[in-house]
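# Observations on the three-dimensional arrangement
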Amino acid sequence: MHFPFIGFLFTLFSVQTASAYPQFIGYGYATCVTCHYNGHGGGPINDYGRALWATEIASRWLYPKKVSDERAGELSGFLGAVQTPDYLKPHLKYRGLWNKTRYGSMQSEERIYHMQLDGGITSQFGPDGKYLLTGTWGTWPIGTMVRDQNVNRYLAREYYGRVNAFESWWFYGGLMERVYGIRNIDHTSYSRVPTRLAERSRNSAAIVFHSMAAMIHKISETWEGTFQYFIGHPSEPEDDQQKGFSAKYEHSLGETMRLGASFLNAESKNLKSRLLGVEFRTKIAEGSSFMFESGLIEDKALTATRSSIGSYSLLDTYIMLVRGYHLKLGVERYNQEFNSQSPDLWQWSLGMMAFPINRLETRLDLIQRRSLISNSSSDDEWVLRGQVHVSL
Amino acid sequence: MYHSKQRGFFVNKIYLSLLFSICFSFAFVAEALEFQRRGTSFLYSSWLESLRVTRGNVYEDGTASFAGMHLSQRGRVKFDNGNSFLIDLGVIFGQAQAGSSSSILGYVSERKNFFGGMITPYIPLRHSKTILFKLGPGLIYRSTKWLTEDPALTVRSGADLNVVVLGNVEFQLAERLYMEQTVGTLAFNGRAFWSFGIGYFW
C-alpha cells in the first residue's frame, strides 16, 4: 500500500518546476543564469536547473530506492522523461501561504493566501538558445489590479525577450522584475517592502514588482554587471507607475563568495525614491549559505516639502541539515527615517525550508517583530507562517 | 507573575544553583570539538522585560525594552575524561526604554543606560567543520533603576539577575572570522532575547 502512494507522489512531483534562490550559492551556484532563463533569477527555470533541482537540491527520502539521481534528473522535465522541443518549454506554478498573525495573543488572526497560480511557455531559438521568448500568465488570487475602475485578476506576471548577443552579453526587453539587491523571494522582507521591490499598489492588493523594462546584463567569470531602464507596470494606476533605472554589480571574491552593490532611481507622479545598497553572499558549508544586504532608502512624496532617508538591513542564514531540508535564520531591520521618533523595526525569523521531493517546496517560519523607539516600549508581535510551492 | 525585588533575588539564588547543577551535568556528556577555539564576539543584543508600574493599590503592566552591545569572550572548559563544554562570558551595555505615554498611569522612561554581564555555558553540537550549534541556559545580570518624579509611583521590570535559555548558531566566514546568531528567552518576567554579531578566533 505504501508504494502506490510513493509512486503517485513521485509521478506528480517529478514533472514540476520550482524557483532557485540566491542562497543556492551554498551549493556552489553563484550566478542565477545557470538555472534561470532570467539572469537575475525568478520566473521559470531551464532544463539544467530542473535537473539540478532533482539531483542535488531535493530530498531523496520519498523516492523509491531504485530511482537514481541521474534518473530523477531525466524525469525532471515538464512531461517527465519526454523532452519537449526548445521552442516549447511550458511551466506552471502555485504558491500558497498560511499566516497566523499575533500568534499567542487574543487578537490572533489566521488566513490562507493563494499567492500565485500561473503558467507559461518559454521558447528558445538559434544556436545555444541565443534568442529566447518567455511569458507567464495567471490569476492573482489575492491580488486584483484596479485601473480605470476595472478589476483585473488575470494578468501577465512577466513576458520578455532575451538575446545572448555576444558570448557574455545578454539583452532583455519586456515585463520583468526590477533589478536591485539580493532577489529575496520573501515579499514581506524589509529588503523588499520599504524598497518597493515587492509592494502593494495604492488602490489594490496586487503585489507589483515587475516593470516594463530594457536590460543589459554582462556576466564574466569574476563579475556581473547590469543596467536596467524601467517604465512601470502597465496594469498599475498611471500615477503609481514608477519610471527610472537601476544598476547592479557583483564581484566574485572566490568561487562561492560574492560582494556587490546596487543603485535604483525611480519616480512616479506621487513619489520619488532612490535606493543604494551593498550585498554579500557566501557559502558557509555544503548546501549552506549566509547572505547580507544593507542599504539606504530616500523617499520624497509629491506633497512633502522634504525627503526622508532611512535604512534597511538583512541577514539570512540557511543551513542544510540533510539533503532537501534547511534551517533558516533571519534578522532584518528597517528604519524609515534617521531620527529618534522613527522606530527601529526588527524582524527575527527561525524556520525550515524543505524540498521533500523534486520541485515541491514547503516552508515554516516563526517570526518575531520588535519595535524599538526611544519614547515607548511595546510588546513583541509573533507570526507563524507556512508555505507550499508546487509547479507543474 | 511579577516578583518583588527581594523575592526575585531569593528565587534567582535557587535558579543559580540549579543552573550550575545542570551545567555540570551537561559537562560530562559534552563532546570535545576541535572547532571550539577561544574567540571574542562583538554582538548586538535585545530583550524585553515585563514592567509593572504601581501607584498605591493601582498597578499597570507593560514592557521594558533593552538593546545594546554585547562583548563576549568564549572559551572551552575541558575535563580530564576528555569531555568539555563551551562557556561565554560577556559584558552588556546599552539603553532601555519602559512604559508608554498612552498608558493609564502614563509612565515613560526614555534612553535609560544599563550595564550588565552574562554567563552562558553551552552544549556544542557540531554541524560541520564551519558550523556549530550551541544550546545552553545562562545567567544575565543588568543594572537599571527606573526613576520617577512621582514618589508615589513604583516601577519594576524583570529581575536584575535572570536566567536565559539560548540557542546559538556560529559559522565561520574566514579562517579566524565568524558570525553568530542567538535566539532565546528570559525565563522570568521577560520575553524573547536575541543577539547577533561577528567574532574573532584567537
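Remember, it's a predicted structure, so these values are computed and weren't measured experimentally.

Conventions and cut-offs
Residues numbered from 1 in each chain as written. Chains lettered and ligands numbered in written order. Predicted model: local features only at pLDDT ≥ 70, side-chain atom pairs only at ≥ 80, totals over all residues. Heavy atoms only, no water. Helix = DSSP H or I, 4+ residues; strand = E, 2+ residues; numbered from the N terminus. Buried < 20%, exposed > 50% of the residue type's maximum accessible area, 1.4 Å probe, protein only. Contact = heavy atoms within 4.5 Å. Areas by Shrake-Rupley, 256 points an atom, 1.4 Å probe, with all protein chains shown as cover. Buried area = accessible area lost by both parts, 1.4 Å probe. Salt bridge = Lys/Arg side-chain N within 4 Å of Asp/Glu carboxyl O. Polar contact = N/O pair within 3.5 Å; in protein donor to acceptor, adjacent residues only side chain to side chain. Pairing = 2+ DSSP bridges. Phe/Tyr/Trp six-rings, centres within 6.5 Å; stacked < 30°, edge-to-face > 60°. Lys NZ or Arg CZ within 6 Å of the ring centre and 35° of its normal. Core = buried A, V, L, I, M, F, W, Y, C linked by side-chain atoms within 4.5 Å. Disulfide = S-S within 2.5 Å. Patch = residues over 30% accessible without salt bridge, like charges linked within 9 Å, V, L, I, M, F, W, Y side chains within 5 Å. pLDDT = per-residue confidence, 0-100.

### What to know about the overall build of chain A
Within chain A, the regular secondary structure consists of three helices and 21 strands. A burial count over chain A gives 58% of its 392 residues as buried. Taking contacts inside chain A between residues at least 6 apart in sequence as the whole, the part at least 24 apart equals 56%. Counting every atom, chain A has about 16700 Å² of accessible surface; 61% of that belongs to carbon and sulfur.

### Considerations on the overall build of chain B
Helices and strands together make up the secondary structure of chain B, namely one helix and nine strands. Listing every helix and strand of chain B by position from the N terminus yields α-β-β-β-β-β-β-β-β-β. A sequence separation of at least 24 residues applies to 63% of the contacts in chain B between residues at least 6 apart. Entry remark: accessible area of chain B is about 9600 Å², with carbon and sulfur atoms responsible for 60%.

### Things to note about the environment of Val183(B)
Note that Val183(B) resides in strand S8 (residues 177-186). The sequence separation of Val183(B) and Trp194(B) amounts to eleven residues, and the corresponding C-alpha distance is 4.5 Å. The contact partners of Val183(B), leaving out residues within four places of it in the chain, are Trp348(A), Val165(B), Leu166(B), Gly167(B), Phe193(B) and Trp194(B).

### Some details on the interface of chain A and chain B
Many analyses report the size of an interface as the accessible area lost when the parts associate. Opposite the 31 residues of chain A that make contact, chain B presents 34 residues. Surface buried jointly by chain A and chain B totals about 2500 Å² across both partners, of which 65% is contributed by carbon and sulfur atoms. Across the contact surface, chain A and chain B share one salt bridge. In this structure, the salt-bridge partner of Arg191(B) is Asp379(A), at a minimum N-O distance of 3.0 Å. Summed over the shared surface of chain A and chain B, the result is ten residue pairs in polar contact (both at pLDDT 80 or more). Secondary-structure elements contributing two or more residues to the side of chain A that touches chain B are strand S14 (271-285), strand S15 (288-301), strand S16 (308-322), strand S17 (325-335), strand S18 (344-357), strand S19 (360-373) and strand S20 (376-377) of chain A. In terms of residues, the side of chain A that touches chain B owes the most to one element, S16(A), which gives five residues.

### Things to note about the pairing of strand S10 (residues 210-219) of chain A
Residue and element names in this part refer to chain A. Of all ten residues in S10, seven are buried, a share of seventy percent or more. Of the pairings in the sheet, the one linking strand S7 (residues 169-177) to S10 comprises nine bridges and is antiparallel in character. In the strand pairing of S10, Leu175 is matched with Met212. Relative to strand S11 (residues 223-230), S10 runs antiparallel, the two being bridged by seven bridges. Bridge assignment links Ala214 to a residue of S11, and that residue is Tyr229.

### Quick word on the packing of aromatic side chains
Tallied over the entire structure, the rule returns 27 aromatic pairs over all chains. An aromatic cluster is built from Tyr21(A), Phe24(A), Tyr27(A), Trp53(A) and Phe355(A), whose rings are joined through pairwise contacts. Above the plane of the ring of Phe230(A) lies Arg178(A), whose end atom (NZ or CZ) is 5.2 Å from the centre. Lying over the aromatic face of Tyr59(B), Arg52(B) brings its terminal NZ or CZ to 3.9 Å of the ring centre.

### Comments concerning helix H2 (residues 47-57) of chain A
The set of residues buried in H2(A) consists of Gly49(A), Arg50(A), Leu52(A), Trp53(A), Ala54(A) and Ile57(A). Residues of H2(A) that are buried in the fold lie against helix H3 (69-74), strand S1 (89-101) and S18 of chain A.

### A look at the nonpolar core
Counting residues in hydrophobic clusters, the biggest one holds 23 residues, and the most contacted among them are Trp47(B) and Trp146(B). If you list the elements that add at least two residues to this core, you get strand S1 (39-55), strand S2 (58-78), strand S3 (84-99), strand S4 (108-126), strand S5 (131-143), strand S6 (153-157) and strand S7 (161-172) of chain B. Those residues in contact with Trp47(B) that lie beyond four places of it in its chain are Arg370(A), Ala64(B), Ser65(B), Phe66(B), Ile92(B), Phe114(B), Ile140(B), Arg142(B), Leu186(B), Ala192(B) and Phe193(B).

### Observations concerning the pattern of salt bridges
All names here are of chain A. Counting across every chain of the model gives 30 salt bridges over all chains. Two residues, Arg281 and Glu250, come together in a salt bridge whose shortest N-O distance is 3.0 Å. Highlighted residues: Arg281 in strand S14 and Glu250 in strand S12 (residues 243-254), separated in sequence by 31 residues. On the basis of relative accessibility, which here comes to 4%, the residue Arg281 falls in the buried class.

### Section: the state of the cysteines
As used in these notes, a disulfide is a covalent bond between sulfur atoms, one from each of two cysteines. All names here are of chain A. Summed over all chains, the structure comprises zero disulfides over all chains. Between Cys35, a cysteine without a disulfide, and Cys32, which holds the nearest cysteine sulfur, the sulfur-to-sulfur distance is 8.6 Å. Looking at Cys35, the relative accessible area reads 7%, which means it is buried.

### Remarks on the environment of Ser342(A)
Residue and element names in this part refer to chain A. By the element assignment, Ser342 lies in the loop between S17 and S18. The class of Ser342 is buried, set by a relative accessible area of 11%. Along the chain, Ser342 and Ile373 lie 31 residues apart, while their C-alpha atoms are 6.9 Å from each other. Excluding residues within four positions of it along the chain, Ser342 makes contact with Asn335, Gln336, Glu337 and Ile373. Within the structure, Ser342 has its side chain in polar contact with the backbone nitrogen of Gln336 (distance 3.4 Å).

### Describing a nonpolar patch on the surface
Residues and elements named next belong to chain B. On the surface, Phe42, Leu71, Val91, Phe93, Phe115, Leu177, Ile198, Tyr200 and Trp202 cluster together to form a nonpolar patch covering roughly 860 Å² of accessible area. Breaking the nonpolar patch down by element, the ones donating at least two residues are S3 and strand S9 (190-201). For Trp202, the position within the fold is in the segment after S9.

### Regarding the confidence of the model for chain B
Do not read the fine detail of predicted coordinates wherever pLDDT is low. All names here are of chain B. Looking at chain B, pLDDT values average 82 and 82% of them are 70 or higher. pLDDT under 50 marks residues 1-7. Its contacts with residues more than four places away, or in other chains, come to eleven contacts. When the criterion is pLDDT under 50, residues 27-35 qualifies, and its contacts beyond four places in sequence or with other chains add up to 30 contacts. As scored by the predictor, the complex reaches a pTM of 0.86 and an ipTM of 0.84.

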